[in-house]
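# Tertiary structure, described
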Amino acid sequence: MSIHKGHRERLKSRFRQEGLDNFDELYVLELLLFYCIPQKDTNPLAHKLLDYFGSLTAVLDAKPEQLEKVEGV
């Protein structure tokens, strides 16, 4: 069994219970990616985006052509 099994549901459940206040930027981005990339591990892409842009705010402010420079987008 994979250690990642159930990760999406655990993260969604934590969000429903706690909101985003205590979430690391990585988990916020990963949670958002869940809704546009179904059935795939979004953690590696979230890491790549944050490494490339430097912050969640910068990722969210990026233009589509900037986002497309990141492998996997």
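As a reminder, the structure under discussion sits directly above these lines.
Predicted model, so just to flag it, every value in this text is computed and none were measured.

### Describing the overall build of the protein chain
Helix and strand counts for the protein chain come out as five helices and zero strands. When its helices and strands are written in sequence order, the protein chain yields α-α-α-α-α. Overall size of the protein chain, expressed as C-alpha extent along the three principal axes, is 35 × 30 × 20 Å. Per-residue burial over the protein chain gives 27% buried out of 73 residues. A separation of at least 24 residues holds for 27% of the contacts in the protein chain among residues at least 6 apart in sequence. Within the structure as shown, the protein chain displays about 5300 Å² of accessible surface, and the carbon and sulfur contribution to it stands at 52%. Across the protein chain, the 10 positively charged side chains and the 12 negatively charged ones have centroids separated by 7 Å.

### Some words on the pattern of salt bridges
Two side chains of opposite charge can pair, provided their charged atoms sit close to one another. The full count for this structure, using the stated rule, is two salt bridges. For Lys 12, the salt bridge goes to Glu 9, with nearest N and O atoms at 4.0 Å. Placement of both Lys 12 and Glu 9 in helix α1 (residues 7-18) is noted, with a separation of three residues, approximately one turn of the helix.

### Examining the packing of aromatic side chains
On inspection of all chains with the given rule, the structure shows one aromatic pair. Between Tyr 52 and Phe 53 the ring centres are 4.7 Å apart and the planes differ by 70°, which places this aromatic pair in the edge-to-face class. Given a relative accessible area of 46%, Tyr 52 falls into the partly exposed group. Lying over the aromatic face of Phe 23, Arg 14 brings its terminal NZ or CZ to 4.2 Å of the ring centre.

### What about α1?
Here α1 is twelve residues long and its end C-alpha atoms lie 16 Å apart, about the 16 Å a rise of 1.5 Å per residue gives. Just downstream of α1 lies Gly 19, where phi reads positive at about 75°.

### A look at the packing of α1 against helix α2 (residues 25-34)
Relative placement of two packed helices is described by the angle separating their axes and the distance separating the axes. The geometry of α1 relative to α2 is characterised by a closest axis approach of 11 Å and an angle of 110° between their N-to-C directions. With respect to their mutual orientation, α1 and α2 come out roughly perpendicular. Classified by chirality, the crossing of α2 by α1 is left-handed. Counting all contacts with α1, which are made through His 7, Arg 8, Leu 11, Lys 12, Arg 14 and Phe 15, the residues of α2 involved are Tyr 27, Glu 30, Leu 31 and Phe 34. Of the residues assigned to the contact of α1 with α2, the class counts are five nonpolar, one polar and four charged.

What counts and how
- Starting afresh in each chain, residues are numbered from 1 along the sequence in its written order.
- Where local features are concerned, this predicted model is filtered to residues with pLDDT of at least 70; where side-chain atom pairs are given and counted, the filter is 80 or more; whole-chain, interface and lining totals use all residues.
- In computing side-chain values, all of the structure's heavy atoms are included and hydrogens and water are not.
- Secondary structure is summarised from DSSP: a helix means a run of H or I of at least four residues, a strand means a run of E of at least two, and numbering begins at the N terminus for each.
- Residue exposure (1.4 Å probe, protein chains only): buried if accessible area is under 20% of the type maximum, exposed if over 50%, otherwise partly exposed.
- Two residues form a contact once any of their heavy atoms are found within 4.5 Å.
- Shrake-Rupley sampling with a 1.4 Å probe provides the accessible areas, and residues are treated as covered by the protein chains on show and by no other component.
- For the purpose of counting charges, residues Lys and Arg are taken to be positive, whereas Asp and Glu are taken to be negative. His and the chain ends are not included.
- The location of each charge is read from NZ of Lys, CZ of Arg, CG of Asp or CD of Glu.
- Whenever a carboxyl oxygen of Asp or Glu lies within 4 Å of a side-chain nitrogen of Lys or Arg, that contact is scored as a salt bridge.
- Aromatic contacts are taken between Phe, Tyr and Trp rings whose centres are within 6.5 Å, Trp giving its six-membered ring; a plane angle under 30 degrees counts as stacked, one over 60 as edge-to-face, and the others as tilted.
- A ring is scored as having a charge over it whenever the NZ atom of a lysine or the CZ atom of an arginine sits within 6 Å of its centre and within 35 degrees of its normal.
- For a helix, the expected span equals 1.5 Å multiplied by the residue count minus one.
- Each axis is a line fitted through C-alpha atoms, taken for helices only over the stretch in contact, and angles between the N-to-C directions span 0 to 180 degrees.
- Angle categories: roughly parallel below 35 degrees, roughly antiparallel above 145, roughly perpendicular from 65 to 115, and oblique for all the rest.
- Whether a crossing is left-handed or right-handed is set by the direction in which the near helix is turned from the far one by less than a right angle, anticlockwise for left-handed and clockwise for right-handed.
- Three residue categories are used. Nonpolar comprises Ala, Val, Leu, Ile, Met, Phe, Trp, Tyr, Cys and Pro, charged comprises Asp, Glu, Lys and Arg, and polar comprises the others, including Gly.

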